[in-house]
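Listed below, chain by chain, are the residues.
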Amino acid sequence: MMLQSQSAAVQREPQRHRVLIVGSGAAGGMMAWNLTRQGVDVLLLDAGEKFRRSSFWSHVKPWETRDRYLKGQNPPQFTTTPDLAPYSTKGGDHFELIRVWGRGGKTNIWGRVSLRYSDLDFEGPAKDGWEIPWPIRYKDVAPYYDKVEQLIGVCGGDDDQDSLPGSRYHLPAPALRCGEVLLQRAGAKVGVDIVSGRRAVLTQPHNGRAKCHYCGACGHGCDVSAFFNSSDYLLEPAFKTGRLTIIDNAVVARVLVNEKGLADGVQYFDRNSKEEHKVYADVVVVAASCVDSTRILLNSKSHKYPNGIGNSNDVIGRYLSEQVRFHVYGFAPELLGTPTRNDDGIGGEHIYMPRFNHRRPFSNRKFLRGYGSQFWNTGAHGVPGFAKQLGGFGASFKADVKRRYPALVAMHPYGEVLGYKDNRITVDESQVDAFGVPIPHIHFKVGENERTMVQEMYDMVEAVFAAGKIEPLPYQRGAIDVYGSAIHEHSTCRMGDDKKRSALNGFCQMHEVKNVFVPDGASFTTASEKNPTLTILALAWRSSDYLAAELKRGNL
Amino acid sequence: MADTPRLPKLPEPPEPDRRTALKGMAATSVAAAAVLLPILPAQAQHAHTEHNGNSSVQEKSGYTPKLITGEKRDWLTAVCDRIIPRTDTPGAADVGVADQIDWLATRKDGMADAIFAALARVNTAAGRPITQLTPSQQDEVLTQMSSSLDTEDGRAFSLLKNLTIDAYYSSKPGLNVELGWNANTYLKDFEGCTHDHTQGAAE
């Protein structure tokens, strides 16, 4: 078997590759897996290294952490640091940009919420007229959702909705925690359907992988790989084909362009030595996650593409979409003072509130698109942070914390942010990173549509809490979480049929440069209110099927 | 966006999703804990009586305070122990919260100074070092300081209270003995809600 991973220092021969993929997360991993199994040789550049499962702190108790640190042990540093991966908001509103540079990217620690988009999402812009329509519909993606779910394993129920298509392939849903049962009942009282969550967690052995053992520490990385992550589920099988080579610690700066105006490869810098390298390929797939893909594309300036590769229409970088969200906590009266249970489950919530506002609005407010809700933190989970919001101190305070501990419930509504032309990522020479490459500047604001929607989201939470007689912790009505905190950046290289207003076709292929594909969240025409990873996987699978076919046809 | 209020400081979610994990990653310290071996109530009494003015607890924990030492450590321990006192389970002093807070302070620039400033306000409110007051007098001082959280005294109290919560409830006595948390373990199956607490809740 060929050497599967090699340091950048030894990967320097001017070999020409068939397909070069930038990034190894959901999109890059899926492209690599699907192309290699179809006989295509792939070179993948990752900005970090493999995170070793044996180093995960999945089973380190809170009272053990200090000792470990003092002994010089540390958990993996999943997220990038500002010195390595700086970005700015140029004096605008803060945007929290969270990136994972390392094999598997954010799928190492993602929330695992795996929701199918519906035609409510794909047809939304075509119906309401806000910005451009998606070039694809649910029927185009549904077969790929089926395949992705069978491949990675997604647990969930059969309680689908018009806004949340079901699946024949769900693994068994986990049992509900007491607080979730109560939230579900409270929702039903006010006409809000709260269904089984859809999560990429193995509730039974699947494709040779161990099932979840319910330790609830998924955010530290799973020590048995019982939830989907690109490194284990996609890259490792791709290695076995003998057709995948990965260069680790390769921070890609630019896509190179040949005299024909086609992509010719990429320029990258070794993360540690900061040495510059160039690698060449017939096709370049930019799948570095929304913001980094956009940074790379905008920095890929040439005589032919002075505004960045594939960006003659000035679309790339614009329409940055995220989601608005907030968090309300409370206490279910039925659970106050009850014995503390092990509420870990599969980590995160076992329920989900699909979008319903198109059917039964709580008010007459007018806004486009919609919202859903998640419920993580419901139950007794580790250190009771809520205690900081309780009044008093002393023995009575201590007793109050204990009484409330098993009764905590939470709602986290997510609403779609429309695509706005001026919500954008830019690059310029005024600020560069450690490699001398311009950093991304993020300009993002929400508009009146989102503010109106947020008011209804609060109406909904208050109605559910009231129906369940849930005592809320103090919250500030109208407040939204920090921009970017959902970690669902989208749409800065959006797909569409109108070549003047979009950068990609429905297969994530650039209109202007046919041998460049951008299959990550940047390709989404809209953000929806849903978590995007399942759709990224489905779109990347579909895109790589198309790419493989085009290669066979000799079109690339 | 000027007209859209931003979120107040939310309760730190424990460990549920990647966002929590990501935030916690930088500050796993918040969830970190005292190194003391499990303290049962009987042992707690011993640990408690050893605390004031000698280093026995320090030796037991194997942790050597680096920033909060001497009388400042005593003041901190006194305040924390009034915030979460011993009841039928160990209190803040029993589990060595001062060690944990000291360690937290070593991981965050400026935290030690903030703690010292807060302790200074406590002593000012007390009219003398807080350790020279009886427990009931200490409670009176803290009650006064916490009566208005939007003041300097209130903010000082909140800082010390929040640190106490982080440190105490991430210790084994605080989380496991007091709250009954016994999770983050291997289970064959997850049974979900098997209690009858929810019966009739929606009717």
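Residues numbered from 1 in each chain as written. Chains lettered and ligands numbered in written order. Predicted model: local features only at pLDDT ≥ 70, side-chain atom pairs only at ≥ 80, totals over all residues. Heavy atoms only, no water.

A. Structural view of the overall build of chain A. Looking only at helices and strands, one finds 11 helices and 17 strands in chain A. On C-alpha atoms alone, chain A measures out to a radius of gyration of 23 Å, which is about the 24 Å that the 2.2 N^0.38 rule sets for 556 residues. Considered along the principal axes of its C-alpha atoms, chain A spans approximately 75 × 55 × 50 Å. Taking contacts inside chain A between residues at least 6 apart in sequence as the whole, the part at least 24 apart equals 74%. For chain A, the computed accessible surface area is about 17700 Å², with 49% contributed by carbon and sulfur atoms. Once the 68 positive and 61 negative side-chain charges of chain A are each reduced to a mean point, those two points are 2 Å apart. (Helix = DSSP H or I, 4+ residues; strand = E, 2+ residues; numbered from the N terminus. Rg over C-alpha atoms; globule rule 2.2 N^0.38 Å. Contact = heavy atoms within 4.5 Å. Areas by Shrake-Rupley, 256 points an atom, 1.4 Å probe, with all protein chains shown as cover. Lys, Arg positive; Asp, Glu negative; His and termini not counted. Charge placed at Lys NZ, Arg CZ, Asp CG, Glu CD.)

B. Spatial organisation of the packing of aromatic side chains. Residues and elements named next belong to chain A. Scanning the entire structure with this criterion turns up 28 aromatic pairs over all chains. Ring geometry for Phe 228 and Tyr 233: centres 5.4 Å apart, planes at 75 degrees, overall edge-to-face. The exposure classification of Phe 228 matches that of Tyr 233, with both residues buried. Each member of the aromatic cluster is reached from another via a ring pair, and the members are Tyr 117, Phe 122, Trp 134 and Phe 524. (Phe/Tyr/Trp six-rings, centres within 6.5 Å; stacked < 30°, edge-to-face > 60°. Buried < 20%, exposed > 50% of the residue type's maximum accessible area, 1.4 Å probe, protein only.)

C. View of the state of the cysteines. In total, this model carries one disulfide over all chains according to the counting rule given. Across a sulfur-sulfur distance of 2.0 Å, Cys178(A) and Cys193(B) are joined as a disulfide pair. An S-S torsion of about 90 degrees defines the bridge between Cys178(A) and Cys193(B) as right-handed. Of this pair, Cys178(A) sits in helix 6 (residues 178-189) while Cys193(B) sits in the segment after helix 9 (172-178), each in a different chain. Across the pair, exposure class does not vary: Cys178(A) and Cys193(B) are buried alike. Cys155(A) takes part in no disulfide bond, and the closest cysteine sulfur, belonging to Cys212(A), lies 8.4 Å away. Of all cysteine sulfurs, the one in Cys493(A) lies closest to Cys508(A), which takes part in no disulfide; the gap is 9.0 Å. By relative accessible area, which is 0% here, Cys508(A) ends up buried. (Disulfide = S-S within 2.5 Å.)

D. Main features of the environment of Gly111(A). All names here are of chain A. With respect to the helices and strands, Gly 111 occurs in the loop between helix 2 (65-70) and helix 3 (119-122). On the accessibility criterion, Gly 111 (11% relative accessible area) is buried. Sequence separation of Gly 111 and Ala 540 is 429 residues, and the distance between their C-alpha atoms is 19 Å.

E. Region of interest: helix 8 (residues 152-169) of chain B. Look at helix 8 of chain B: 26 Å from first C-alpha to last across 18 residues, which is about the 26 Å you get at 1.5 Å a residue. Those residues of helix 8 of chain B not exposed but buried are Gly154(B), Ala156(B), Phe157(B), Leu160(B), Lys161(B), Leu163(B), Thr164(B), Ile165(B), Asp166(B), Ala167(B), Tyr168(B) and Tyr169(B). Those residues of helix 8 of chain B hidden inside the fold are in contact with helix 9 (395-404) of chain A together with helix 4 (70-83), helix 5 (97-106), helix 6 (111-126), helix 7 (135-145) and helix 9 of chain B. (Expected span 1.5 Å × (residues − 1).)

F. Spatial organisation of the side chain of Glu450(A). Residue and element names in this part refer to chain A. In this structure, Glu 450 sits in helix 10 (residues 448-467). Separated by 2.6 Å, the side chain of Glu 450 and the backbone nitrogen of Gly 447 make a polar contact. Setting aside chain neighbours within four positions, we find Glu 450 in contact with Val 324, Glu 416, Val 417, Leu 418 and Tyr 420. (Polar contact = N/O pair within 3.5 Å; in protein donor to acceptor, adjacent residues only side chain to side chain.)

G. Fine view of the confidence of the model for chain A. When pLDDT is averaged along chain A, the result is 95, and 97% of the positions lie at 70 or above. Of the regions scoring below 50 in pLDDT, residues 1-6 of chain A engages in 15 contacts with residues more than four places distant in sequence or in other chains. (pLDDT = per-residue confidence, 0-100.)

H. Seen up close, the pairing of strand 6 (residues 250-257) of chain A. Residue and element names in this part refer to chain A. Across the eight residues of strand 6, six count as buried, placing the element largely inside the fold. Alignment of strand 6 against strand 7 (residues 263-270), held across seven bridges, turns out to be antiparallel. By the bridge assignment for strand 7, Leu 256 is matched with Gly 265. Linking strand 6 back to strand 7 in an antiparallel pair, the connection comprises five residues, with Gly 261 at a positive phi of about 85 degrees. (Pairing = 2+ DSSP bridges.)

I. View of the pairing of strand 10 (residues 328-331) of chain A. Residues and elements named next belong to chain A. Both faces of strand 10 are covered, namely the face carrying Val 328 and Gly 330 and the face carrying Tyr 329 and Phe 331. For strand 10 and strand 13 (residues 408-416), the ladder comprises four bridges, and the chain directions are antiparallel. Directly across from Gly 330, in strand 13, lies its bridge partner Val 409. Looking at chain direction, strand 10 and strand 16 (residues 471-472) are connected through two bridges and run antiparallel. Paired with Gly 330 across the strands is Pro 472, a residue of strand 16.

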